[in-house]
Amino acid sequence: MNILVSGAAGFIGSHLCDSLIEAGHKVIGIDNLSSGLRENLNSNISFSKMDIRDTSILKDIFIHNQIDYVFHLAAQINLRESIKNPIIDANINIIGSLNIINECIKNKVKNFIFISTGGAMYEFTGLPSKETDLPKPASPYGLNKYYIESFLHQASNLYGLNYNIFRLANVFGVRQNPHGECGVLSIFLDRINKGLPLKIFGSGNQTRDFIDVWSTVDALMLGLNKLEKNNVFNVSSNIQVSVNDIVNMLQLYFPSLEIENHPPIIGEMLSTQLDNSKLLETNLWQPKYNLEQALRKTINL
């Protein structure tokens, strides 16, 4: 099949492209390379450097490639940046997404797979957060992701567009950009490689739900006609792990690392945990690795 992947040079997108190509599909990748890297790209991908806000190039790509499926990962992903520059976030995460969705509708793609957010979607709900919980995003980033989710529901009713939505927990693994704000492990590993102390903000007792990129891609691949259409799925470990727990694990491999304590970040979430039972109950997916196994794979031990 001909499959378009937006954000193809990014962390998760590049791993997804590898799996799609390995499965025998033709992958058409697009990315503006603002955070993605060319070296992440599979040599067998058909790649175009472009911005999803450029409707003319986007239209040509759909016309010339007869796209069957679309995985939409391209986004402005920095939550703090969305608060600082909400208009830029909306232009990319709403307008850019609508541009792709519009082409999907016009070209009658078989399924639109939208990669959404878990932590920013369920900011103030009880834990573990379920797909049926009412989203209450506390940032423009989360709000704009939820807008696209809501629009997809309407697009299904109005235009017959099929979709699947995956709300991701804190994904980590090889190729993750350490310069973002959501890659706790990649930031720590980058500082270890540079011989710098790890920065812990606040008590370090704040928790996250970590899921490795390989398990995440396995879940996304189910969007190729394996799951019930027009549905939302959490992708997570459903386990809370504290920042201090991560530091303790890293100290087993890097016993000489140093720690710096800093004041807490204002507005930082104290805990996230996504209920993954809906996806588990399909009997088509389960996490490939536990945290320790995935961490060892990430640091190549």
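Residues numbered from 1 in each chain as written. Predicted model: local features only at pLDDT ≥ 70, side-chain atom pairs only at ≥ 80, totals over all residues. Heavy atoms only, no water.

Q: I'd like a description of the nonpolar core, backed by residues and values.
A: Where a protein is soluble and globular, its nonpolar side chains tend to be buried together. Core analysis: the largest hydrophobic core is formed by 60 residues, its most contacted members being Val5, Leu16, Leu20, Phe71 and Leu250. Once residues within four sequence positions are removed from consideration, phenylalanine 71 is found in contact with Ile3, Leu4, Val5, Ser6, Leu16, Leu20, Ile113, Leu220 and Leu224. Among the nonpolar cores identified, the runner-up in size contains 25 residues, and Leu4, Met50, Phe114 and Tyr163 belong to it. (Core = buried A, V, L, I, M, F, W, Y, C linked by side-chain atoms within 4.5 Å. Buried < 20%, exposed > 50% of the residue type's maximum accessible area, 1.4 Å probe, protein only. Contact = heavy atoms within 4.5 Å.)

Q: So what's going on with the pairing of strand β4 (residues 69-72)? Which residues, and what values?
A: Burial of the side chains of β4 extends over both faces: Tyr69 and Phe71 are buried on one face and Val70 and His72 on the other. By the bridge criterion, four bridges tie strand β1 (residues 2-6) to β4 in an arrangement that is parallel. When the bridges of β4 are listed, leucine 4 appears paired with valine 70. (Helix = DSSP H or I, 4+ residues; strand = E, 2+ residues; numbered from the N terminus. Pairing = 2+ DSSP bridges.)

Q: Could you give an account of the state of the cysteines, with specific residues and numbers?
A: Put plainly, two cysteines are in a disulfide when a covalent bond ties their sulfur atoms together. Tallied over the full model, the rule gives zero disulfides. For cysteine 17, which is in no disulfide, the shortest distance to another cysteine sulfur is to cysteine 104 and amounts to 15 Å. On the basis of relative accessibility, which here comes to 1%, the residue cysteine 17 falls in the buried class. Overall, the relative accessible area of 1% leaves cysteine 104 in the buried class. (Disulfide = S-S within 2.5 Å.)

Q: Lay out helix α2 (residues 55-65) in plain terms, naming residues and giving numbers.
A: Looking only at α2, the buried set comprises Leu58, Ile61, Phe62 and Asn65. Summarising the axial view, the buried residues of α2 lie within an arc of 95 degrees, below the 170-degree limit, and thus occupy one face. Packing partners of the buried residues in α2 comprise β1, β2 (26-31), β3 (46-49), β4 and α4 (86-106). (Arc of directions from axis to C-beta.)

Taken by themselves, the reported measurements are silent on function.
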